[in-house]
Amino acid sequence: MLTNHHKLVLINLTILFYQLAVVSGRHHADQLRMQQWALMVHCLAAVTCALALKENDLEPVNWVGGVTLMHPGKKVNNGLATRAQIFKDNVFICVPRFKPGIEATLLKTCMKSKDHDGNVCLEPFPNWKEQTEGDCSCLQSAIDLFLDPTGLLWVLDAGTAQTNEPQTVQKCPPKIVAYDVRNGKIIKEIILSAFISPESRLQFIVADYAAEGSCFIYVSDAGTKSIIVYNVNAEKGHRVVLPPEVLPDSVPKDVLYMLLIRKSSGENFVYFTYRSGEDVFAVNSRSLQFENAPVKSFNVGKKQKKLIFLGTDDWDCIYFRYENKTEVYKWNTAKPFSEANFQLVDNVKSELIPTHAMTDYSRGVMRLIKSNLPHYINSGTKQEEAINSLVVMQLN
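Residues numbered from 1 in each chain as written. Predicted model: local features only at pLDDT ≥ 70, side-chain atom pairs only at ≥ 80, totals over all residues. Heavy atoms only, no water.

Draft legend 1. Summary view of the side chain of Thr 82. Structurally, Thr 82 can be placed in the loop between strand E3 (74-77) and strand E4 (83-87). On the accessibility criterion, Thr 82 (8% relative accessible area) is buried. Those residues in contact with Thr 82 that sit more than four places away from it in its chain are Cys 94, Pro 96, Phe 98, Thr 355, His 356 and Ile 369. (Helix = DSSP H or I, 4+ residues; strand = E, 2+ residues; numbered from the N terminus. Buried < 20%, exposed > 50% of the residue type's maximum accessible area, 1.4 Å probe, protein only. Contact = heavy atoms within 4.5 Å.)

The structure is reproduced here in structure tokens:
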């Protein structure tokens, strides 16, 4: 008899095989081969795990204080995780340096292992030396990360510490670091000094592959109302200023959410919106990739209230929540942006709020990372008061 989680895996398998059939009809040969390969890997992984899954494989992974094993014999409370990506059984986690004393800002944990006390224990990724604060060759504050189909983990380092304090300390230039998740090796490092200004506030990162195979990295810059575009193969980049209608001058440039959507047509689109903006916009990623090319963004629809982008299913669906709410909704971008097309996918009552949604291909589910972020960012809290939970999306 199939349990609920096996049924969920089979549903996701059906979706994946359908997407594979759709991809097979695309006309971009290189992109076709790349996306077919990625989909087949995901399908095979899900098939293998569907029968091997146990009920407790989908239980929440909870941790308090961000207890981190820095090296043998030394554990520290390392604070609150905001973003995560999953590769097989491993979870890669961003812990921004919101407060003084954060010893590691990029971490890893295995969903299947705990310490001798039965607690989830994090470890620095790729190692503890890479976390050295004040050393600009190391990570200063990892604020976002993106796992691409080849197994590269692209990490956005703000170069700042104490980002929630009244005075932000700019210690090092912001940068992007790409790690191979299989061995922790640094594959690429991109210094972003040439693409920022004093007003810049970098926030989100995605990696995109063009039809001919070139890798492009996009970084949202809320402070300058722009997207930084970097061609990894050509080792050059530029900044794309967003149209004035994206956010009126009278509205604060607060948070510029940005997600990559893969359409069934074979084209990729970047969807973006400001938290305080009234509308959601999109642009064909191809038009971002050429400097001085006209950027033909378009208005997707008007928001009825402020919403927060949480992530995607790596294809054409966006997950989001409304401001000050914990319920999570899914919107298939193939349909009009309208509340009639918003599907409730998680409504578990909790004091924790979702900050990121991500795929867990090995188990055929979507997961959320939740935390007590509003409480934690108050100036009087300490690292040991941070609470995190990695959960499967579900309805009560």
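Draft legend 2. Spatial organisation of the nonpolar core. Trp 154, Ile 217, Tyr 218 and Tyr 271 are the most contacted members of the largest nonpolar core, which has 69 residues in total. In terms of nonpolar packing, the next biggest core, distinct from the first, is built from 25 residues, Ala 81, Ile 93, Ile 102 and Ala 104 among them. (Core = buried A, V, L, I, M, F, W, Y, C linked by side-chain atoms within 4.5 Å.)

Draft legend 3. Spotlight on the packing of aromatic side chains. Enumeration according to the criterion identifies 14 aromatic pairs in this entry. Residues Phe 195 and Tyr 230 carry aromatic rings whose centres are separated by 6.2 Å and whose planes lie at 75° to one another, so their mutual orientation is edge-to-face. Separated by 35 residues along the polypeptide, Phe 195 in the loop between strand E13 (186-191) and strand E14 (202-209) and Tyr 230 in strand E16 (residues 226-231) bring together distant segments of the chain. Residue classification places Phe 195 among the buried residues on the basis of a relative accessible area of 13%. With 5.8 Å between their ring centres and 20° between their planes, Phe 320 and Tyr 329 make a pair best called stacked. For Tyr 329, a relative accessible area of 22% translates into the label partly exposed. Over the aromatic face of Tyr 376 sits the side chain of Lys 99, whose NZ or CZ is 5.1 Å from the ring centroid. Above the face of the Tyr 322 ring, Lys 305 is positioned so that its terminal group lies 4.7 Å from the ring centre. (Phe/Tyr/Trp six-rings, centres within 6.5 Å; stacked < 30°, edge-to-face > 60°. Lys NZ or Arg CZ within 6 Å of the ring centre and 35° of its normal.)

Draft legend 4. Broad picture of the pattern of salt bridges. Under the definition given, this model contains 16 salt bridges. In this structure, Glu 235 and Lys 188 form a salt bridge, with 2.6 Å as the shortest nitrogen-oxygen distance. In this pair, Glu 235 is assigned in the loop between E16 and strand E17 (236-241) and Lys 188 in strand E13, connecting sequence segments 47 residues apart. Under the relative-accessibility criterion, Glu 235 is labelled exposed at 53%. Notably, a salt bridge pairs Lys 302 with Glu 278, separated by 3.4 Å at the nearest N-O pair. Of this pair, Lys 302 sits in strand E21 (residues 298-302) while Glu 278 sits in the loop between strand E19 (268-274) and strand E20 (279-284), and the two are 24 residues apart along the sequence. One network of salt bridges, in which partners are shared, links Asp 89, Asp 360, Arg 363 and Arg 367. (Salt bridge = Lys/Arg side-chain N within 4 Å of Asp/Glu carboxyl O.)

Draft legend 5. Spotlight on the environment of Asn 183. Relative to the helices and strands, Asn 183 is located in the loop between strand E12 (175-180) and E13. Accessibility expressed as a relative area gives 44% for Asn 183, which makes it partly exposed. Sequence-wise, Asn 183 and Pro 126 are 57 residues apart; in three dimensions their C-alpha atoms are separated by 8.1 Å. There is a polar contact of 2.9 Å between the side chain of Asn 183 and the backbone nitrogen of Lys 185. (Polar contact = N/O pair within 3.5 Å; in protein donor to acceptor, adjacent residues only side chain to side chain.)

Draft legend 6. Expanded view of the state of the cysteines. Evaluation of the coordinates by the stated rule reveals one disulfide. Here Cys 136 engages in a disulfide with Cys 172; their sulfurs sit 2.1 Å apart. Here Cys 136 and Cys 172 share a disulfide; its torsion about the S-S bond, -85°, makes the bridge left-handed. Highlighted residues: Cys 136 in the loop between strand E7 (123-124) and strand E8 (142-147) and Cys 172 in the loop between strand E11 (169-170) and E12, separated in sequence by 36 residues. Of the residues examined, Cys 136 reaches a relative accessible area of 37% and is grouped as partly exposed. Exposure remark for Cys 172: the relative accessible area of 3% places this residue in the buried category. (Disulfide = S-S within 2.5 Å.)

Draft legend 7. Highlighting the sheet that holds E16. The strand order E14-E15-E16-E17 describes an open sheet built from four strands, whose pairing is antiparallel. Pairing within the sheet leaves two strands with one partner each, and these edge strands are E14 and E17. Going from strand to strand, the sheet's axes swing by 20° on average, the running direction of each strand aside. Two strands pair when backbone bridges link them, and strand E15 (residues 215-221) and E16 are joined in this way by six bridges, in the antiparallel orientation. Within E16, the position partnered with Asp 221 by the bridge is Ser 226. (Pairing = 2+ DSSP bridges. Axes fitted to C-alpha atoms, helices over the stretch in contact; angles between N-to-C directions.)

Draft legend 8. Structural detail: the sheet that holds strand E23 (residues 317-322). A sheet is described by the order of its strands in space; here four strands give the open sequence E22-E23-E24-E25, paired in antiparallel fashion. Strands at the two margins of the open sheet, each flanked by one partner only, are strand E22 (307-312) and strand E25 (342-346). Adjacent strand axes in the sheet meet at a mean angle of 35°, parallel and antiparallel pairs treated alike. By the bridge criterion, five bridges tie E22 to E23 in an arrangement that is antiparallel. In the strand pairing of E23, Ile 308 is matched with Arg 321.

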